[in-house]
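Analysis of the macromolecular model
Okay, here's what each chain looks like letter by letter:
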Amino acid sequence: MGERWCAAVRVLVLQAAWALAGGQVRYSVPEEAKAGTVVGRLAQDLGLEAGEAEARRLRLVAQGRRASVEVSGASGALVVSSRLDREELCAKSAPCALRLEVLVERPLRVFHVELEVTDINDNAPIFPAARKNLSIAELSVPGSRFPLEGASDADIGVNAQLSYTLSPSEHFSLDLQKSNGENIEPELVLTKSLDRETIPVHRLVLSASDGGRPSLTGTMELVISVVDANDNAPQFNQSVYKVQLPESAAVGTLVTRVNASDADEGLNSEVTYAATNFIPPGGRDVIFINPKTGEIHLTSALDFEEVNVFNFRIEARDHGTPSLSSHCKVVLEVLDVNDNAPEVRVTSLSVPVSEDASVGTVVALLSVSDRDSGANGRVRCWVWPASPFGLEATFAGSYSLVLREALDRERVSEYEVEVRAEDGGAPALRASRGLRVPVSDVNDNAPAFSQAVYTVLARENNAAGAELARLWARDPDEAGNGRVSYSVWEGGAAAVSSSSSGAGAGGWRPASSYVSVDAESGRVWALQPLDYEELQVLQFEVRAVDAGEPPLCGNATVQLFVLDENDNAPALLPAAGSAPEAGGAAGEAAAAAAGLGSVSDTLWAWAAWGAPAGQVVAKIRAVDADSGYNAWLRYELWEPRAKGPFRVGLYSGEVSTARALDEADGPRHRLLIVVRDHGEPARSATATLSVSLVEAAEAALAAGSSSSSSRAALGAEMGPGAASAATNVWLVVAICAVSSLFLLAVVLYGASRWAPRAAVLSGPGPTTLVCASEVGSWSYSQRHSRSLCVADGAAKSDLMVFSPNFPPPPPGPAPKDMQPEPSALLDTVSGSVLLAFNLTPSPNLSRPLGSSFL
């Protein structure tokens, strides 16, 4: 016995090693093993660490019939839990393999284990009856054969290989016939003629021994009665009848008809048929033989999946005294038809599936089977629709529904998956199983604006609280993941001020001081009236944030352009070398009478007698806080109306001689000059210029003096000392001015280096300054030449100056005062470029940069 167990253990180890090498765990255990016997170290063979089997809930999945084995929770070993009877589990099937499904969790995986229950010789051969009565006519000739019912052994293999022996007899011997290649049927052979008067009854013992070690034996007593008289037994026309019927044959179907004839006459030739020796024994309920005609009919439905071959014998017995009989064999083979549709069962289902689940995630475990055989039992499975799920075969008849493609809940929130199975029969039978797989949302979509950049135009002087724009961001996620709130992002929003009142009144201000965004609707409101002269472009970012975890956000840039209105009149600047006159009432009255704008104090200029035509006497300087056409200035000589000795440049503001001056022109001329912009409606300012005609030397001296005493001494001769003092004063003023400019440049440079960077002030590209006037309103151009910078980028200081575009000249030669002097224009452009490229982003540069310096 110990030797047998050692051999079984060796077989078990070899089979387990082979199964692991093949990718499937297989074990072998002999039947009748005691409860608690370790079949195999399942956890270790599956690659689980010590203690991991219990933590991951290693367990068997019920398969519908008792497996008699279980998994030990502590050790993870597969042990015998109850009596293992191979004959009960598998009957005559060989090998007896139990297919087990083993599940582990975290993550969920299924393993397939094949447990083979090996046979031991625990069943002795058994005859159908302990005693068999035979009647043999004494006239039976030697060599006559009498079939005997063989024994059956519930074991398989060698343990079921039977050998028969007959107790010694001089009249009978035993002959063994093979049936179906496997079964051995014993036949009793008459070796010597019988003599009823000598031995009326023969008692023999038929023994059947199996091939096990030790061998087991069963016996049956044969009681042979020698019958006198009727010496001809019926004879069948064939010894074996083979019949094939489909399992779909209806009850009552004729299986076959056997025929036996008897050479005797009268009652001795009348034959009666009977069916005996059914293999399997349940075959007696399947067929019925007509005792008179020998016709065999079906009495119950056939089922290939239950029994596919029936073997039985037909006995033909005459009515003689004693009666004689003969036997034939009938083999009924049941043919399979495709009468079983595939079965799809869901073993496990894990839903909902997160939309960020990785490809290969197992969603469900399925089992597919078909009770038919051959092509009728071969099943093909697939998933419809084909994506994003697929089937993976894990074992024969077992599949995993896995994720083949990435999920997107915003595109499909729930899948109706159908697992379809089709066998290979003709016609094919199909089965399906529907699964509903919902997809759970994750916050994987940030709010997205319909535009990356919104351009908004707003006129200055708008009312506080006015709606400027409405933004909208879409978030396709659901619930809190898709709920969006809006805000001005202070980290990326700022405004630039360009107020002409100085650095203290302007400066860098956050965009939230100008605008506000409604958190729910995304409406952009103005918090205060906008002033173009303070702010031309406001660029800020609006952030949309969802309520997911973690929250995602999206940004949009809003470029708010303030549109200028003509709300500023030209402002006159004091001219160097001139001084106001206390009493400009006459000019003011004239301007008021003409409906003109404000009048400045009287400006003074000197011209020498005999000055040629075209000589510049003075320059009227004016600026307009507006821009574009609203700041494009033109100069007109309002008084005197009549043609006089002076003229004014239309766009330059230069007062020059219209002809050579002579004594007839008088010593003093009062000019009323109107400065107008091109806005709608136009705004204007007036300047009064008093021009005194003096000698050439006096004019030169007067041009170098800026004090009122020099004007009071107009017309008197100035001594050399006074001229020298005036020259020294101007030298001191020039030195102070140059020093002040140098100090200012150093301060601005330091502020640009260490001051915090401003936020975004310009659009996506470099901001460019454009002089919009036709002839270049240089005071406007210089005042608006400033740096627009980006928070994380380098400062930009671009200045574009267009060539002056003059209106088309009238026919004939153009007057000189309508053509700007090239040198003056060139000086202005040079000054503008110099200023623009020396600016850096600093709050101190928010004030105007002044007008043209001519």
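1. Some thoughts on the overall build of the protein
- From N to C terminus, the protein includes 10 helices and 53 strands.
- Put simply, the protein has 854 residues, and 43% of those count as buried.
- Within the protein, counting contacts between residues at least 6 apart in sequence, those at least 24 apart form 70% of the total.
- Just so you have it, the protein exposes about 42,400 Å², and 54% of that area is on carbon and sulfur atoms.

2. A look at the sheet that holds strand β17 (residues 254-257)
- Sheet architecture is open: 3 strands sit in the order β17-β21-β20, paired in antiparallel fashion. The sheet is open, and its two edges are formed by β17 and β20 (287-289), each paired on a single side. For this sheet the average axis-to-axis angle between neighbouring strands, irrespective of direction, equals 20°.
- Across 3 bridges, the pairing between β20 and strand β21 (residues 295-298) is antiparallel. Across the sheet, I289 pairs through a bridge with I296, a residue of β21.

3. Looking at the pairing of strand β22 (residues 309-318)
- Along β22, 8 of the 10 residues are buried, which leaves the element largely enclosed by surrounding structure.
- As judged from the 7 bridges shared by strand β19 (residues 271-279) and β22, these two strands associate in the antiparallel manner. Across the sheet, the residue bridging to A274 is E315, located in β22.
- As paired strands, β22 and strand β23 (residues 325-335) are joined by 9 bridges and run antiparallel to one another. Bridging from a neighbouring strand, A316 pairs with S326 of β23.
- Counted between consecutive antiparallel strands, the loop separating β22 from β23 contains 6 residues.

4. A short note on the packing of aromatic side chains
- Applying the stated criterion across every chain yields a total of 8 aromatic pairs.
- Each ring, one from F389 and one from Y415, has its centre 5.5 Å from the other, and the planes form 90°; the classification is edge-to-face. Of the two residues, F389 is situated in strand β28 (residues 389-395) and Y415 in strand β30 (residues 414-423); the sequence distance between them amounts to 26 residues. The two residues F389 and Y415 agree in class, both being buried.

5. Observations regarding the environment of A463
- In this structure, A463 sits in the loop between β33 (453-459) and β34 (467-470).
- You can call A463 exposed: its relative accessible area is 51%.
- C-alpha separation for the pair A463 and L530, spaced 67 residues apart in sequence, amounts to 8.3 Å.

6. Comments concerning the sheet that holds strand β8 (residues 131-137)
- Spatial strand order, β8-β14-β13-β10: 4 strands in an open sheet with mixed pairing. Of all the strands in the sheet, just β8 and β10 (163-166) have a single pairing partner and so form its edges. Direction aside, neighbouring strands of the sheet carry axes that sit 25° apart on average.
- Where strand β13 (residues 201-209) and strand β14 (residues 217-227) come together, 9 bridges link them in antiparallel fashion. Paired with S209 across the strands is T217, a residue of β14.

7. Some points on the nonpolar core
- Among the nonpolar cores identified, the biggest contains 28 residues, and F449 and F540 are the most heavily contacted of them.
- Elements that contribute at least two residues to this core include exactly β33, β34, β36 (484-488), β38 (515-517), β39 (523-526), β40 (537-546) and β41 (553-563).
- Judged by nonpolar contacts, the second largest core, of 27 residues, contains V25, V29, A53 and V102.

8. A short note on the environment of S93
- Here S93 shows up in the loop between α4 (86-90) and β6 (97-104).
- Distance from S93 to I156, taken between C-alpha atoms, is 8.0 Å for residues 63 residues apart in sequence.
- Other than its neighbours up to four places away in sequence, S93 contacts R86 and I156.

9. Overview of the pattern of salt bridges
- Considering all chains together, one arrives at 23 salt bridges under this definition.
- The partner of R203 in a salt bridge is E221, and the shortest N-O contact between them spans 3.3 Å. Taken together, the residues R203 in strand β13 and E221 in strand β14 connect sequence positions 18 residues apart.
- In this structure, the salt-bridge partner of E306 is R371, at a minimum N-O distance of 3.7 Å.

10. A closer look at the side chain of D624
- With respect to the helices, strands and loops of the structure, D624 is situated in the loop between β46 (621-623) and β47 (634-639).
- Note on D624: relative accessible area 3%, which makes it buried.
- Within the structure, the side chain of D624 is placed 2.9 Å from the backbone nitrogen of D626, a separation counted as a polar contact.

11. Notes on the side chain of D477
- Note on placement: D477 falls in the loop between β35 (473-474) and β36.
- Buried within the structure, D477 lacks any salt-bridge partner; R409 is the closest side chain of opposite charge, at an N-O distance of 4.8 Å.
- A polar atom in the side chain of D477 sits 3.0 Å from the side chain of N445.
- Those residues in contact with D477 that lie beyond four places of it in its chain are E355, R409, E410, D441, V442, N443, D444, N445 and G482.

12. Brief notes about the confidence of the model for the protein
- When pLDDT is averaged along the protein, the result is 77; 75% of the residues meet or exceed 70.
- By mean pLDDT, helix α10 (residues 822-837) is the weakest element of the protein at 29, and β21 is the strongest at 96.
- For residues 499-506, every residue scores under 50 in pLDDT, and the model assigns this stretch 16 contacts once sequence neighbours within four places are set aside.
- This stretch, residues 756-854, has a pLDDT under 50; its non-local contacts, to residues over four places away or in other chains, come to 189 contacts.

13. Considering a nonpolar patch on the surface
- The grouping of L457, F561 and L563 at the surface amounts to a nonpolar patch, some 250 Å² of accessible area in total.
- With respect to the helices and strands, the residue L563 is situated in strand β41.

Calculation rules
Residues numbered from 1 in each chain as written. Predicted model: local features only at pLDDT ≥ 70, side-chain atom pairs only at ≥ 80, totals over all residues. Heavy atoms only, no water. Helix = DSSP H or I, 4+ residues; strand = E, 2+ residues; numbered from the N terminus. Buried < 20%, exposed > 50% of the residue type's maximum accessible area, 1.4 Å probe, protein only. Contact = heavy atoms within 4.5 Å. Areas by Shrake-Rupley, 256 points an atom, 1.4 Å probe, with all protein chains shown as cover. Pairing = 2+ DSSP bridges. Axes fitted to C-alpha atoms, helices over the stretch in contact; angles between N-to-C directions. Phe/Tyr/Trp six-rings, centres within 6.5 Å; stacked < 30°, edge-to-face > 60°. Core = buried A, V, L, I, M, F, W, Y, C linked by side-chain atoms within 4.5 Å. Salt bridge = Lys/Arg side-chain N within 4 Å of Asp/Glu carboxyl O. Polar contact = N/O pair within 3.5 Å; in protein donor to acceptor, adjacent residues only side chain to side chain. Lys, Arg positive; Asp, Glu negative; His and termini not counted. pLDDT = per-residue confidence, 0-100. Patch = residues over 30% accessible without salt bridge, like charges linked within 9 Å, V, L, I, M, F, W, Y side chains within 5 Å.

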